[in-house]
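Descriptive analysis of the structure
Take a look at the letters that make up each chain.
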Amino acid sequence: MPSVSKPPRWHQANVVLLRGESKELWQFAVNGQLNLLHHQKFSGLEPLPEGKVKKSWQALWQKKVNIAWLPVESVYLRALQLPSSDPSEIRSMIELQLEKISPIPLARAIWTASPIGPMVNNLQSVVAVILPRETVETFLGSLEKEGYQTDRLELPLLDQLLATKFQSDGIWFYADKSNPSRALSVWWFQGMLRHISLHAIVPGDETQGQLRDALTQIAWTGEVDGWLGPSPKWRLVAEPETAAAWEPVLKPLTESPIEIIPPVEEAPLAALTARRVVEARQAADLLPAEYGVRYRQQFVDQFWMRGLGAVIGLYLLGLLIYFAAVGALWFRDYRVERQYTPISGAYTNALRMSERVSVLEEQSRLKFAALECWKLAAELLPKEMTLTSMILSKGSRLTLFGVVPELDSGKVYDYNIALSKSSINGQPIVADSPKLGNTHADGSGVMIRPWDFSCRIGKGEGE
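Residues numbered from 1 in each chain as written. Predicted model: local features only at pLDDT ≥ 70, side-chain atom pairs only at ≥ 80, totals over all residues. Heavy atoms only, no water.

**Re the overall build of the chain**
The helix and strand tally for the chain stands at 10 helices and 20 strands. Taking 463 residues into account, the globule formula puts the C-alpha radius of gyration at 23 Å, and the chain, at 58 Å, lies well above it. Projecting the C-alpha coordinates of the chain onto the three principal axes gives extents of approximately 180 × 60 × 40 Å. Taking all 463 residues of the chain together, the buried fraction comes to 37%. A separation of at least 24 residues holds for 60% of the contacts in the chain among residues at least 6 apart in sequence. Total accessible area on the chain stands at roughly 27,200 Å², and carbon and sulfur atoms take up 57% of it. In the chain, which carries 48 positive and 50 negative side-chain charges, the distance between the mean positions of the two groups comes to 6 Å. (Helix = DSSP H or I, 4+ residues; strand = E, 2+ residues; numbered from the N terminus. Rg over C-alpha atoms; globule rule 2.2 N^0.38 Å. Buried < 20%, exposed > 50% of the residue type's maximum accessible area, 1.4 Å probe, protein only. Contact = heavy atoms within 4.5 Å. Areas by Shrake-Rupley, 256 points an atom, 1.4 Å probe, with all protein chains shown as cover. Lys, Arg positive; Asp, Glu negative; His and termini not counted. Charge placed at Lys NZ, Arg CZ, Asp CG, Glu CD.)

So, in structure tokens, the structure goes:
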């Protein structure tokens, strides 16, 4: 069994009527029932409100259907009786006999069909609508100039017919005050639609005789086919002013009085059309398929282009913010640099002076350290020993050189021990083992031995 696609859930429905130089718009909210949101009439130069008829990105989840009422000019109506009420089967049956009932070549025709009334004796009354493709394309072109992309093309006459309760046989004559040159006759007998036709007659003109002849010919055809009974009842569906103009024209065609029935006003009629479209009942869409595909593609392209434009805009905005932040940081750095440029020379000179002071302080410290070492070494030196030289390296390594008589060589070790037990400026002295050289005679013939050892001022590693 083939799957049946669910109709879309509409959020809003627009109905537009173009009448000569004027336009009219009805906007309905769809929320279980139809509520009229907006109704406005426009002059010929005044455009339709873009915010109400144009589809924006919100239409992705709040679907909007744009309906246009097609004028009845150049429309051909045919009444058929078919053995089915299924719309798909009705369309297939009409396609088989379309060449027979169409007054224009099929290559240049657009058609649709709508069931009307209940089935009687297993037959369904159907109204077939046929019109030239050029008429539809011209009408759609005028709507596109208004910025109105149509989703459905409908005939208000069909909804006027569907709103009529055909409870008894007779002839129904529809006269529209907005288009007095057009009138519709509907022949309803034995519970079925037998004939329907449009008449282009102006009341009060000499062409009224042509209308009488056309209606008389239809009546003769009905009598020959056996569906028209004697003295059919006439009903005129028109407003009081229009009925007053048409009643004298129809009066000579019947002996019985003509019943005047008020038509459905345009606002309720627009609501009927919108309800039939949103509920997907009795589809009578006259919009060519290629136009629907093109409008949908334009909407998708517009959506993607706007999305791409938004992404590019955000990207450019991000770049602008980035460059603005970089510029602000650069300006801050430049301002700070300008503030410190005048004092940069003084700062450099201060650094140099600080380094010089540090060098001088170090030199002074080393000098005082050397003096302290010389003083300590002289105070602890035994009188038998002679100190010939002293070297202070990096302020922490003291090396002593001297000579001692060979007989007093043991004094060197005593001297080494005495230094190890001493300190300089609170820093302990760690003396290495002394070294004694070879014995030799000095200038006076006394035998002496050279000696040397090193001392570390301060604690050594591991201490």
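**Considering the pattern of salt bridges**
Close approach of charged atoms lets side chains of opposite charge pair. One pass over the structure, following the stated rule, counts 17 salt bridges. Between Glu144 and Arg294 there is a salt bridge whose closest N-O contact spans 3.0 Å. With Glu144 in helix 4 (residues 133-145) and Arg294 in helix 9 (residues 289-380), this pair connects stretches of sequence that are 150 residues apart. Judged by relative accessible area, Glu144 falls into the partly exposed class, the value being 32%. Take Arg294: its relative accessible area is 32%, and that puts it in the partly exposed class. A salt bridge links Glu154 to Arg152; its shortest N-O distance comes to 2.8 Å. Classification of Arg152 by relative accessible area gives buried; the value is 14%. (Salt bridge = Lys/Arg side-chain N within 4 Å of Asp/Glu carboxyl O.)

**Remarks on the sheet that holds strand 10 (residues 183-189)**
Taken together, the five strands give an open sheet; going across it, the order is 11-10-9-12-13, and neighbouring strands pair in mixed fashion. A strand with exactly one partner marks an edge of an open sheet, and here the two such strands are strand 11 (192-199) and strand 13 (259-261). Along the sheet, successive strands turn relative to each other by an average axial angle of 20°, direction set aside. When strand 9 (residues 170-175) meets strand 10, the two strands line up antiparallel, connected through six bridges. Bridge pairing links Tyr174 to Leu184 in strand 10. The sheet contacts of helix 5 (residues 156-163) involve strand 9, strand 10 and strand 11, and relative to strand 10 the element is tilted by about 35°. (Pairing = 2+ DSSP bridges. Axes fitted to C-alpha atoms, helices over the stretch in contact; angles between N-to-C directions.)

**Remarks on helix 5**
Burial analysis of helix 5 places six of its eight residues in the buried class, the great majority of the element. Among the residues of helix 5, those classed as buried are Pro156, Leu157, Leu158, Asp159, Gln160 and Leu161.

**A look at the packing of aromatic side chains**
Enumeration over the complete set of coordinates arrives at 11 aromatic pairs. Aromatic pair Trp26 and Trp69: ring centres 5.4 Å apart, planes at 55°, arrangement tilted. Separated by 43 residues along the polypeptide, Trp26 in strand 2 (residues 22-30) and Trp69 in strand 4 (residues 63-69) bring together distant segments of the chain. A single burial state applies to Trp26 and to Trp69, both of which are buried. Within the aromatic cluster, the residues linked to one another by ring pairs are Trp187, Phe189, Trp227 and Trp234. Cation over ring: Arg91 sits above Trp111, and NZ or CZ is 4.2 Å from the ring centre. (Phe/Tyr/Trp six-rings, centres within 6.5 Å; stacked < 30°, edge-to-face > 60°. Lys NZ or Arg CZ within 6 Å of the ring centre and 35° of its normal.)

**Some thoughts on unusual backbone geometry**
In this structure, Asn121 takes a positive phi of about 55° despite not being glycine. Its place among the elements puts Asn121 in the loop between strand 6 (109-115) and strand 7 (124-132).

**Details of the nonpolar core**
Among the nonpolar cores identified, the biggest contains 40 residues, and Leu153, Leu155 and Val186 are the most heavily contacted of them. At four residues, the largest contribution of residues to this core is made by helix 4. Contact partners of Val186, with chain neighbours within four places excluded, come to Leu161, Phe166, Gly170, Ile171, Trp172, Tyr174, Leu193, His195 and Ile196. (Core = buried A, V, L, I, M, F, W, Y, C linked by side-chain atoms within 4.5 Å.)

Keep in mind that these numbers describe shape and distance, not what the molecule does.
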